[in-house]
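Observations on chain architecture
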Amino acid sequence: MEKLLIVDDSEDIRKQMKWGLAKDYDVSLAANREEAVAFVRKHRPRVVTLDLGLPPDADGTSEGFLTLEEILRLEPTTKVIVVTGNDERESALRAVRTGAYDFYRKPIEIAELKVVISRAFHIQAIEVENRRLQIAVENKTSQFGGIIGQCPQMEQVFATIKKVASTDVPVFVTGESGTGKELVAKAIHTLSLRKEKPFIPINCGAIPENLLEPELFGHEKGAFTGAHVRSLGKVEYAHHGTLFLDEIGELPLGLQVKLLRFLQEKVIQRVGGREDIPVDARVVSATNVDIAKAIQEGSFREDLFYRTAVITIHLPPLRERGNDILLLANLFLRRFSEGHNKKIKGFAPATIEQLLAFDWPGNVRELENRVQRAVIMGDSAFLEPSDLGFESKTAATASEAAATAMTAMTVPANITLKEARDRVERDLITNVLHEQDGNIAKASQVLGVSRPTLYDLMKKHGMEQ
Ligand SMILES: Nc1ncnc2c1ncn2[C@@H]1O[C@H](COP(=O)(O)OP(=O)(O)OP(=O)(O)O)[C@@H](O)[C@H]1O
Ligand SMILES: [Mg+2]
């Protein structure tokens, strides 16, 4: 049986709780901070219930808060459920901001408390598992220049990078803005035999057309007004290394011809020069425009496409990467909280739901920015939706709980997000109905939805009433 620690200064309540919970848990009792801390140090329980009014401050909360902090310092993964009197809403919220998992208001209804406790065990297991996974993923992907991903599409991306890196074939990377195209280009370079040589990026969309040619191919002295000295272009700088042509779809047609010649003959001419200069550079290109359409419309040469896209790597939009969203969110959270010296423990359940449901038009870059902003602005232990610039919802709803449970389904994601969500929703409703002996009114209360909503959900999942 799972170890559960109950901390309360009232002997009656300790007895009542032990009596009610001993069937399901290996219950231990503590009457004050010293006993509680000693138990946690020795037995590391995964879940603790904590009364805030402990002696010598039985009428206040100071001793309770000290206990909470010490428990979390000893065992940060422990879920502490704060049990409070009816008029202590403020302290309850403060406790959650301090890092308590949840609060429960007296009078104690064992059946109800059981649901809260069993959820806490469930969430604790998910979090520990996620942390383990996170570390495994980060170790594994550190060889890919820090590209994080576990979903099948990203596995495919890694496999392709590995295969092409040691060759010299041109690679064409596609994907929406912020999906990691530059990161992939760098990974290809880092994993190649050219890794000690330069990686030279050039953004074809950011430079005015008349400056782009000398930027790419260099110019001889006196090639144009202002060309006082000979200057090398990016292509030449990439000699023996890798040339990254970012936003290649923006390349003007005239330069497309010149680039094509370089790819075919491995020589360039500087602007104002006549000499053919041999250059050995591996070319990786990227675009976030629909290149097939650009070819159809005549703004991108088909022959250049076939030359640059011997291999294509497509990066899926973030919204299609399932649990990778949480892996990335946690990575950025850790990175930024270290940077800003903040002690943030994670994301609140409602935030996790919104992270998974959001559309992410700006993809990984947007996620990175939102988490950074949240780390700077947020001041609760678990970041709230509003910290990330999402609309916040207050009540814990069935779908929120479902989303939290979602994090459990980490990798075996060969099902879609919607299927997973439906499955968790159905299981949760079944469990709660069972626990409440089929009492719809009680079940809807526990699930935090209205009765009509629960009826609708049951109908949706084809459940008998
Ligand atoms: N899978 C990933 N793991 C970790 N970090 C990532 C991942 N994908 C992207 N990033 C980070 O997200 C940011 C955007 O990535 P990057 O610049 O490579 O995107 P891009 O596709 O080139 O975007 P754009 O089309 O806007 O140029 C970078 O800070 C990058 O480090
Ligand atoms: Mg880019």
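Residues numbered from 1 in each chain as written. Chains lettered and ligands numbered in written order. Predicted model: local features only at pLDDT ≥ 70, side-chain atom pairs only at ≥ 80, totals over all residues. Heavy atoms only, no water.

**A word on helix α19 (residues 451-460)**
Residues spaced three or four apart along an α-helix face the same direction, because each turn holds 3.6 residues. Buried residues of α19: Leu454, Leu457 and Met458, and no others. Along α19, the residues classed as buried sweep out an arc of 100° about the axis, all on the same side. Away from its buried face by more than 90 degrees, α19 exposes Pro452, Asp456 and Lys459. Looking one or two residues beyond α19, the residue adopting positive phi is Gly462, at roughly 65°. (Buried < 20%, exposed > 50% of the residue type's maximum accessible area, 1.4 Å probe, protein only. Helix = DSSP H or I, 4+ residues; strand = E, 2+ residues; numbered from the N terminus. Arc of directions from axis to C-beta.)

**Topic: the site of ligand 1**
Lining the immediate environment of ligand 1, one finds 18 residues, of which Ile148, Gly178, Lys181, Arg365 and Glu368 sit closest. In the environment of ligand 1, an oxygen atom lies 3.4 Å from a nitrogen or oxygen atom belonging to the side chain of Asn288. When atoms are counted within 2 Å of each cavity's grid points, the one that captures over half of ligand 1 is the second largest pocket. Every element with two or more residues in the shell around ligand 1 is listed here: α7 (181-190), α13 (324-340) and α15 (363-377). Two domains share the shell around ligand 1, each providing at least three of its residues, namely domain 2 (152-315) and domain 3 (343-460). (Near = heavy atom within 4 Å. Polar contact = N/O pair within 3.5 Å; in protein donor to acceptor, adjacent residues only side chain to side chain. 1 Å grid on protein atoms, 1.4 Å probe; cavity = no way out; pocket = protein on both sides within 12 Å on 5 of 7 lines; lining within 4 Å. Sits in = over half its atoms within 2 Å of the grid points. Domains from an automatic or database assignment.)

**Brief notes about unusual backbone geometry**
With glycine set apart, most residues show a phi of negative sign, and most peptide bonds adopt trans. At the junction of Pro55 and Pro56, the peptide bond is cis and its omega measures out at 10° in the coordinates. Assignment of secondary structure puts Pro56 in the loop between β3 (47-51) and α3 (62-74). Despite not being glycine, Lys266 has its phi angle at roughly 60°, a positive value. Take Lys266: it is sitting in the loop between α10 (253-265) and β9 (267-268). Look at Lys266 and you get partly exposed, because its relative accessible area is 47%.

**Overview of the pairing of strand β4 (residues 79-84)**
Burial analysis of β4 places 6 of its 6 residues in the buried class, the great majority of the element. The two faces of β4 match: Lys79, Ile81 and Val83 on one face and Val80, Val82 and Thr84 on the other face are all buried. Two strands pair when backbone bridges link them, and β3 and β4 are joined in this way by 5 bridges, in the parallel orientation. Bridge assignment links Thr49 to a residue of β4, and that residue is Ile81. Running through α3, the crossover from β3 to the neighbouring parallel element β4 is right-handed. Across 4 bridges, the pairing between β4 and strand β5 (residues 102-105) is parallel. Paired with Val83 across the two strands is Tyr104, which belongs to β5. In terms of handedness, the path from β4 via helix α4 (residues 89-98) over to β5 forms a crossover that is right-handed. (Pairing = 2+ DSSP bridges. Right-handed = clockwise from strand over helix to strand, strands pointing away.)

**Overview of the layout of surface pockets**
Any empty space left between the atoms is revealed when a probe the size of a water molecule rolls over them. Taken as a whole, the second largest pocket encloses approximately 520 Å³ of empty space. Forming the walls of the second largest pocket are 27 residues, and the residues nearest its centre are Gly178, Thr179, Gly180, Lys181 and Leu183. Elements with a contribution of two residues or more to the lining of the second largest pocket: α7, β8 (242-246), α13 and α15. For the lining of the second largest pocket, the element with the most residues is α7, which contributes 5 residues. (Points joined across faces, edges and corners; volume = space filled by probe spheres on them.)

**Here's the deal with the packing of α13 against α15**
One can describe the packing of α13 onto α15 by two numbers: an axis separation of 9 Å at closest approach and a directional angle of 40°. Classified by the angle their axes make, α13 and α15 are oblique. α13 and α15 meet at a crossing whose hand is right-handed. Each of Ile325, Leu328, Ala329, Phe332, Leu333, Arg335, Phe336, Ser337 and His340 in α13 lies in contact with α15, whose residues at this interface are Val364, Leu367, Glu368, Val371, Gln372, Val375 and Ile376. Residue composition of the contact of α13 with α15, grouped by class: 11 nonpolar, 3 polar and 2 charged. (Axes fitted to C-alpha atoms, helices over the stretch in contact; angles between N-to-C directions. Parallel < 35°, antiparallel > 145°, perpendicular 65-115°, else oblique. Left-handed = near helix turned anticlockwise from the far one by under 90°. Contact = heavy atoms within 4.5 Å. Nonpolar A, V, L, I, M, F, W, Y, C, P; charged D, E, K, R; others polar.)

**A few points about the nonpolar core**
Residues Leu216, Val235, Leu243, Leu245, Leu251, Leu259 and Phe262 are the most contacted members of the largest nonpolar core, which totals 29 residues. At the level of secondary structure, the elements contributing two or more residues to this core comprise β7 (199-203), α8 (209-217), β8, α10, α11 (291-297) and α12 (302-308). For this core, the leading source of residues is α10, giving 5 residues. Among the nonpolar cores identified, the runner-up in size contains 27 residues, and Leu327, Leu328, Phe332 and Leu388 belong to it. (Core = buried A, V, L, I, M, F, W, Y, C linked by side-chain atoms within 4.5 Å.)

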